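Descriptive structure summary
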Amino acid sequence: MPTDPSIRDAYLTAAATVGPLLRDPAVAAAWAGPSALAEFSVCGLAGHLSSQIFMIGDSIGGGSSDLDAVALSDHYARVTWIDAPPDTAVNTVIRENGEHTAEVGAAALADQVDAAVASQSESLATTAREHRVTAPSGLWSLVLDDFVLTRLMEIAVHSDDLAVSVGIETPPLSDDALVPVLGLLTGVALRRHGQVAMLRALTRRERAPASITAF
């Protein structure tokens, strides 16, 4: 049984907001236009957002990875997309995959997302805590609950990106979903910027650094 069922429940709650977001008429109206992210179209961003949910289904159905599992801090220290320019190979592939996923259109994509979330509500409840998921790089793995947290973070971030892109309100997250996302992002930002920068950003506006972004 899961080590921490709450992170899986939090993920499912957040994932359930994606279908309704995709069905907002503003998304379909802006489908072929540019998004708020550099080089991303709205449809490509919608596809990338949806793929975070589809990846969970693939990770459960594909069997446990044979690769060694790493901690989340090591995972984000190793990934190559952080700080990579938009025209690099890794980001080009991400955009192309998003557009491919979105080829079905906004309405059909929303239906696919809803079906995936419904299926995962059962499969996540019964997947063992020892289950490991190969990271997108293919070079290491994460334990399932850590991988679920990474997808929860991606849903939170890219739902906001998509909402901003089409001029609508960002879907709110429950505290159960938002708190672990903020914890993950804070940990990544701390490793990147250091203790002093984080402390000053949160407590002293006169000494705060210009940015403490995680990515």
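Everything numeric here is computed off the predicted structure, so don't read it as measured data. Residue positions are given per chain, counted from 1 along the sequence in the order it is written. Two thresholds apply to this predicted model, a pLDDT of at least 70 for residue-level local features and 80 or more for giving and counting side-chain atom pairs, whereas whole-chain, interface and lining totals are computed over all residues. Computation of side-chain values covers all heavy atoms of the structure but excludes hydrogens and water.

Next up on the list: the pattern of salt bridges. Think of a salt bridge as a Lys or Arg side-chain nitrogen and an Asp or Glu carboxyl oxygen that are within 4 Å of each other. As enumerated under the stated definition, the model contains seven salt bridges in all. Of the charged contacts, one joins Arg23 and Asp111 as a salt bridge, the two residues approaching to 2.8 Å between their closest N and O atoms. In this pair, Arg23 sits in helix α2 (residues 18-23) while Asp111 sits in helix α7 (residues 106-126), placing the two residues 88 residues apart along the sequence. When accessible area is computed with a 1.4 Å probe and restricted to protein chains, residues below 20% of their type maximum are described as buried, those above 50% as exposed, and intermediate ones as partly exposed. Residue Arg23 is classed as partly exposed on the basis of its relative accessible area of 38%. In this text, helices come from DSSP runs of H or I with a minimum length of four residues, and strands from runs of E with a minimum of two, each type numbered from the N-terminal end.

Moving on to the layout of surface pockets. Only protein atoms enter the 1 Å grid used here, on which a cavity is any set of points holding a 1.4 Å probe that cannot leave and a pocket is any open set flanked by protein within 12 Å on both sides along at least five of seven lines; residues with an atom within 4 Å of a point are listed as lining. Grid points are joined across faces, edges and corners, and a volume is the space filled by probe spheres set on the points. The computed volume of the largest pocket comes to approximately 980 Å³. Counting only elements with at least two residues in the lining of the largest pocket, the list comes to α4 (42-61), α5 (72-78), α6 (89-101) and α8 (144-166). Per-element tally for the lining of the largest pocket: the top contributor is α6, with nine residues. Put simply, Ala, Val, Leu, Ile, Met, Phe, Trp, Tyr, Cys and Pro go in the nonpolar bin, Asp, Glu, Lys and Arg in the charged bin, and everything else, Gly too, in the polar bin. Classifying every residue of the lining of the largest pocket by side-chain character gives 20 nonpolar, twelve polar and six charged. Empty space within the second largest pocket amounts to approximately 220 Å³. Taken together, Ser51, Phe54, Met55, Asp58, Ser59, Gly62, Gly63, Ser65, Arg132, Val133, Thr134 and Phe147 form the lining of the second largest pocket. Residue assignment for the lining of the second largest pocket shows that the elements contributing at least two residues are α4 and β1 (132-134).

With that settled, the discussion passes to the environment of Ser123. Summarising the element assignment, Ser123 is placed in helix α7. Judged by its relative accessible area of 21%, Ser123 falls in the partly exposed class. Residues Ser123 and Gly57 lie 66 residues apart in sequence; the distance between their C-alpha atoms is 8.3 Å.

Along the chain, the position of Ala135 falls in the loop between β1 and β2 (141-143). Accessibility expressed as a relative area gives 3% for Ala135, which makes it buried. Separated by 18 residues in sequence, Ala135 and Val117 have C-alpha atoms that sit 21 Å apart. In this description, contact between two residues means that some pair of their heavy atoms is separated by no more than 4.5 Å. Excluding anything up to four places from it in sequence, Ala135 contacts His75, Trp140 and Ser141.

In this fold, Trp140 is placed in the loop between β1 and β2. Given the relative accessible area of 5%, Trp140 is considered buried. A C-alpha to C-alpha distance of 20 Å links Trp140 and Ala89, two positions 51 residues apart in sequence. Look past the residues within four positions of Trp140 in its chain and what remains in contact with it is Leu67, Asp68, Val70, His75, Arg78, Val79, Val133, Thr134 and Ala135.

Along the chain, the position of Ser41 falls in the loop between α3 (25-29) and α4. We call two N or O atoms a polar contact when they sit within 3.5 Å, provided that within protein one can donate a hydrogen and the other can accept it, with sequence-adjacent residues counted only if both atoms are side-chain atoms. Of note is the side chain of Ser41, whose polar atom sits 2.9 Å from the backbone nitrogen of Gly44. Reaching out from Ser41, the side chain makes a polar contact with the side chain of Glu99 at a distance of 3.4 Å. For Ser41, the contacting residues outside a window of four places in its chain are Gly33, Pro34, Ser35 and Glu99.

Function cannot be read off these values alone, since they describe shape.
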